[in-house]
Number of protein chains: 2
Amino acid sequence: MQNVDEILKIKNVKNTAIRTIVLRHLLKQDKAQSLKDIENSLIETDRSSIFRTLKTFVENKIIHSIEDGSGMTKYAVCAIDCNCELKDLHYHFYCNNCNKTFCLHEVPFKKIKLPENFKIQEANMVIKGLCNNCNK
Amino acid sequence: MQNVDEILKIKNVKNTAIRTIVLRHLLKQDKAQSLKDIENSLIETDRSSIFRTLKTFVENKIIHSIEDGSGMTKYAVCAIDCNCELKDLHYHFYCNNCNKTFCLHEVPFKKIKLPENFKIQEANMVIKGLCNNCNK
DNA sequence: ATAATCTTTGCAATTGAGTTGCACTATAAA
DNA sequence: TTTATAGTGCAACTCAATTGCAAAGATTAT
Ligand SMILES: [Mn+2]
Ligand SMILES: [Mn+2]
Ligand SMILES: [Zn+2]
Ligand SMILES: [Zn+2]
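Keep in mind it's a predicted model, so treat the numbers as computed, not measured.

Cut-offs applied
- Residues numbered from 1 in each chain as written.
- Chains lettered and ligands numbered in written order.
- Predicted model: local features only at pLDDT ≥ 70, side-chain atom pairs only at ≥ 80, totals over all residues.
- Heavy atoms only, no water.
- Helix = DSSP H or I, 4+ residues; strand = E, 2+ residues; numbered from the N terminus.
- Buried < 20%, exposed > 50% of the residue type's maximum accessible area, 1.4 Å probe, protein only.
- Pairing = 2+ DSSP bridges.
- Donors = N, O, S within 2.8 Å, 3.2 Å for Na, K, Ca; no water.
- Contact = heavy atoms within 4.5 Å.
- Axes fitted to C-alpha atoms, helices over the stretch in contact; angles between N-to-C directions.
- Salt bridge = Lys/Arg side-chain N within 4 Å of Asp/Glu carboxyl O.
- Expected span 1.5 Å × (residues − 1).
- Arc of directions from axis to C-beta.
- Near = heavy atom within 4 Å.
- Polar contact = N/O pair within 3.5 Å; in protein donor to acceptor, adjacent residues only side chain to side chain.
- Nonpolar A, V, L, I, M, F, W, Y, C, P; charged D, E, K, R; others polar.

(A) Representation of the environment of B:Thr16. Residues and elements named next belong to chain B. With respect to the helices and strands, the residue Thr-16 is situated in the loop between helix 1 (4-10) and helix 2 (17-28). Classification of Thr-16 by relative accessible area gives partly exposed; the value is 33%. For Thr-16 and Ala-76, which are 60 residues apart along the polypeptide, the C-alpha to C-alpha distance reads 19 Å.

Laid out in structure tokens, this is it:
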């Protein structure tokens, strides 16, 4: 697991108690986390503080957000060299059975040929179906 | 433009006044519509009735929903032979400037090689950037 | 045709994720 | 130390989405 202080330093975000707790939590997860997920895990910590922490992290490319259609935005840690734009584009998988959302970092992202004059800046790619645990 | 009654018949959804109005409206659009968009266009019609109409349409594969990260679910008419599962998978484009969301029906959907034992059922693919009108 | 049943609609109220205002605290600069 | 800046906790608010319920409409049985 990557070092929290190191990441904050690289991404130029000041180290505070809450930021350390939230980032450490996110790094431990095997699935993308909603604000509520984090709130439930870090019961001592205030929701709006977590919210603002996530906002700061997204703005500074420490994490990225995923709209998986569950009604709650999910968050996952970015690759260390990610600028959340054309680098580190990747698919996500939402399991219709266990409701977990994963980053599919290992699946190569295919370049999409857009219509004339369209310019890609970011993407929110969510494949839905059954994950390896649920597809039995 | 396709015929409203025809579509409803094919998809086995009873024809009612509101359903006709909503579907006719959706067929006319060049961008995906939010509940609020529709509400604003069809001022006579009650929001919850439109909401339930959209729900019925999604359940019966007349339309599909798109999570584009704007905070409002968008809806667009399906291809007539769509089952909203592995057929008619397509990308969407969200313009960061004019905030319109389009179906990119003409862009071929590339088959994604998922990890072992993952099974795709549907997808919510949203590419974000500048549309041809705004990229100047 | 009439009554019974099921479906759809309109309105008001509720839910819940997300967001903000504000006072207080902690940290950094002067 | 004083002053300015940034971060936090709490409560309140926003707003898209959803629901309960009764009235209206459509369908089926008698
Ligand atoms: Mn991801
Ligand atoms: Mn579409
Ligand atoms: Zn699963
Ligand atoms: Zn545009």
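There's more to say after this.
(B) Spatial organisation of the sheet that holds strand 3 (residues 74-77) of chain A. Residue and element names in this part refer to chain A. As summarised here, the arrangement of the three strands in space is 1-3-2, forming an open sheet in which the pairing is antiparallel. Each having just a single partner strand, strand 1 (33-34) and strand 2 (63-66) make up the two edges of the open sheet. When strand 2 meets strand 3, the two strands line up antiparallel, connected through four bridges. Paired with Ile-66 across the bridge in strand 3 is Lys-74.

(C) Spotlight on the coordination of the manganese ion (ligand 2). All names here are of chain B. Distances from the manganese ion (ligand 2) to its protein donors, namely His-64 (NE2), His-90 (NE2), His-92 (NE2) and Cys-103 (SG), fall within the range 2.0 to 2.3 Å. Mapping the donors of the manganese ion (ligand 2) onto the primary sequence gives the spacing H-x25-H-x1-H-x10-C. Of this pair, His-92 sits in strand 4 (residues 91-95) while Cys-103 sits in strand 5 (residues 101-104), and the two are eleven residues apart along the sequence. The pair formed by His-92 and Cys-103 is uniform in burial state, with each residue classed as buried.

(D) Just the sheet that holds strand 1 (residues 33-34) of chain B, in detail. All names here are of chain B. In spatial order, the strands read 1-3-2; together these three strands make up an open sheet with antiparallel pairing. Only two strands of the sheet have a single partner each, and these edge strands are strand 1 and strand 2 (63-66). Of the strands in this sheet, strand 1, strand 2 and strand 3 (74-77) touch helix 2, which is tilted by about 85° from strand 3.

(E) View of the side chain of A:Thr45. Relative to the elements of secondary structure, A:Thr45 occurs in the loop between helix 3 (35-41) and helix 4 (47-59). Aside from chain neighbours lying at most four places away, what touches A:Thr45 is A:Ile18 and A:Ile50.

(F) How the structure looks around the pattern of salt bridges. Applying the stated criterion across every chain yields a total of six salt bridges over all chains. B:Glu39 serves as the salt-bridge partner of B:Arg47, at 3.3 Å between the closest nitrogen and oxygen.

(G) Broad picture of the pairing of strand 5 (residues 101-104) of chain A. All names here are of chain A. Across the two faces of strand 5 the burial is the same, with Thr-101 and Cys-103 and Phe-102 and Leu-104 all buried. Pairing of strand 4 (residues 91-95) with strand 5 involves four bridges; the strand directions are antiparallel. Residue pairing in the sheet places Tyr-91 in a bridge with Leu-104 of strand 5. The turn joining strand 4 and strand 5, which pair antiparallel and follow one another in sequence, is formed by five residues; a positive phi near 65° is taken by Asn-99.

(H) Fine view of helix 4 (residues 47-59) of chain B. Residues and elements named next belong to chain B. Spanning 13 residues, helix 4 covers 18 Å between terminal C-alpha atoms, matching the ideal 18 Å at 1.5 Å per step. Of the positions making up helix 4, those classed as buried are Ile-50, Thr-53, Leu-54, Thr-56 and Phe-57. Projected down its long axis, helix 4 carries its buried residues within an arc of 160°, all on one side. For helix 4, exposure combined with an orientation more than 90 degrees from the buried face picks out Arg-52 and Glu-59. Its buried side turned inward, helix 4 meets helix 1, helix 2, helix 3 (35-41), strand 2 and strand 3.

(I) Region of the structure containing the coordination of the zinc ion (ligand 4). Residue and element names in this part refer to chain B. All of the protein donors around the zinc ion (ligand 4) are Cys-95 (SG), Cys-98 (SG), Cys-131 (SG) and Cys-134 (SG); their distances to the metal are 2.2 to 2.4 Å. Of note, the donors binding the zinc ion (ligand 4) are all from one chain and are spaced C-x2-C-x32-C-x2-C. Residue Cys-95 is located in strand 4, and its partner Cys-134 is located in the segment after strand 6 (119-130); the two are separated by 39 residues in the primary sequence. For Cys-95, a relative accessible area of 0% corresponds to the buried category.

(J) Main features of the protein's contact with DNA strand D. Close to DNA strand D lie 17 residues, the nearest being A:Thr16, A:Ile18, A:Arg52, B:Phe51 and B:Thr73. Sugar and phosphate atoms represent 66% of those atoms of DNA strand D found within 4 Å of the protein. At 3.0 Å, a side-chain N or O of A:Ser49 approaches a phosphate oxygen of DNA strand D. In this structure, a base oxygen belonging to DNA strand D sits 3.1 Å away from a side-chain N or O atom of B:Arg52. For the surface near DNA strand D, the elements supplying multiple residues, two or more each, are helix 2 (17-28) and helix 4 of chain A together with helix 3 and helix 4 of chain B. Sort the elements by how many residues they give to the surface near DNA strand D and helix 4 of chain B lands first, with four residues. For the surface near DNA strand D, the per-class residue count stands at four nonpolar, six polar and seven charged.

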